[in-house]
Amino acid sequence: LAFRTDHHWTATAAYYAYEVWCEEAGVDPVPLSEYEVMEFPGFYGTLYAKSSKNYLLEADTVVAYVPPGNITLYLSDLSGDSLGWEQAVITDMSKSQSGAKYSAFLAGDHARGTLINDDITDGSSCLVVKTSIGNPFVYYLTQHYQYVYVLDVRYYTGRKLTDFVDHYGIDDVIFLHGTGLTTTSGGTGLINRFVK
């Protein structure tokens, strides 16, 4: 559920959180067996870099689950309304440096991402306000919404929350970030700036 060498949770842990979300939302979770599995061994994360005895730590393997369906991912480092560029749903990190493999999810951290599931045509949408902790979780939501909008509060400086929700007709808003964001005045300031 947790990496040995990194502060993020794994995609498996995110799936368990998704199952709890499904229970609260009153929908059935899509079993992991329906997802394609991609594995990227040799991952050394942020805790490895901070450890004084990192030579004792074994490398992790980043496991990513590619959601079923006709799904497109768009990313943008800008805060406007452009979808940005199309990106592989899961980024192949098999040849990347050992510290970058978590970027398989959403190709790392960007101001804005949009996942569109063309197999769902009801216009349903959600907004995930997140830090990098939320990156593996958002993929599971593609099974329940046509549009999954993803904003990283550390980088996104465009519309305020209520304006974004109104502009895109968002059905549900989900906050998904680590405790680190809420334990400092800088982190809570980012959230306060966005929601006001």
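Located above this text is the structure these notes cover.
What this report covers is the structure whose coordinates are included nearby. (Residues numbered from 1 in each chain as written. Predicted model: local features only at pLDDT ≥ 70, side-chain atom pairs only at ≥ 80, totals over all residues. Heavy atoms only, no water.)

A word on the overall build of the chain. When helices and strands are tallied, the chain shows 6 helices and 8 strands. The order of α-helices and β-strands along the chain, N terminus first, is α-β-α-β-β-β-β-β-α-β-α-β-α-α. By its C-alpha atoms, the chain is 50 × 40 × 35 Å across when sized along the principal axes. In the chain, which comprises 196 residues, the share counted as buried stands at 47%. Considering only residue pairs separated by 6 or more positions, the chain has 68% of its internal contacts joining residues 24 or more positions apart. Total accessible area computed for the chain in this model is approximately 9400 Å², and 51% of it derives from carbon and sulfur atoms. Distance from the positive charge centre (12 side chains) to the negative charge centre (23 side chains) of the chain: 14 Å. (Helix = DSSP H or I, 4+ residues; strand = E, 2+ residues; numbered from the N terminus. Buried < 20%, exposed > 50% of the residue type's maximum accessible area, 1.4 Å probe, protein only. Contact = heavy atoms within 4.5 Å. Areas by Shrake-Rupley, 256 points an atom, 1.4 Å probe, with all protein chains shown as cover. Lys, Arg positive; Asp, Glu negative; His and termini not counted. Charge placed at Lys NZ, Arg CZ, Asp CG, Glu CD.)

What follows covers the environment of aspartate 60. By the element assignment, aspartate 60 lies in strand β2 (residues 60–66). For aspartate 60 and serine 98, which are 38 residues apart along the polypeptide, the C-alpha to C-alpha distance reads 9.4 Å. Those residues in contact with aspartate 60, other than ones at most four positions away along the chain, are Phe3, Arg4, Thr5, Asp6, Phe40, Pro41, Gly42 and Phe43. A polar contact is formed between the side chain of aspartate 60 and the side chain of threonine 5, at a distance of 2.7 Å. (Polar contact = N/O pair within 3.5 Å; in protein donor to acceptor, adjacent residues only side chain to side chain.)

What follows is about helix α1 (residues 11–25). A rise of 1.5 Å per residue sets the reference length of α1, with its 15 residues, at 21 Å; its end C-alpha atoms lie 20 Å apart and thus fit the reference within 8%. Along α1, the residues that are buried comprise Ala11, Ala13, Ala14, Tyr15, Tyr18, Trp21 and Cys22. Each element contacted by the buried residues of α1 is listed here: β2, α3 (138–141) and β8 (172–176). The positive-phi residue at the C-terminal boundary of α1 is glycine 26, with phi of around 75 degrees. (Expected span 1.5 Å × (residues − 1).)

Next up on the list: the nonpolar core. Ile90, Tyr139, Leu141 and Val148 are the most contacted members of the largest nonpolar core, which has 39 residues in total. Of all the elements in the fold, those that place two or more residues in this core are α1, β1 (36–43), β2, β3 (71–76), β6 (125–130), α3, β7 (147–152) and β8. The element best represented in this core is α1, accounting for 6 residues. Those residues in contact with valine 148 that sit more than four places away from it in its chain are Gly113, Thr114, Leu115, Cys126, Val128, Val138, Leu141 and Thr142. Ranked by size, the runner-up nonpolar core spans 13 residues in total, among them Val129, Leu151, Tyr168 and Phe194. (Core = buried A, V, L, I, M, F, W, Y, C linked by side-chain atoms within 4.5 Å.)

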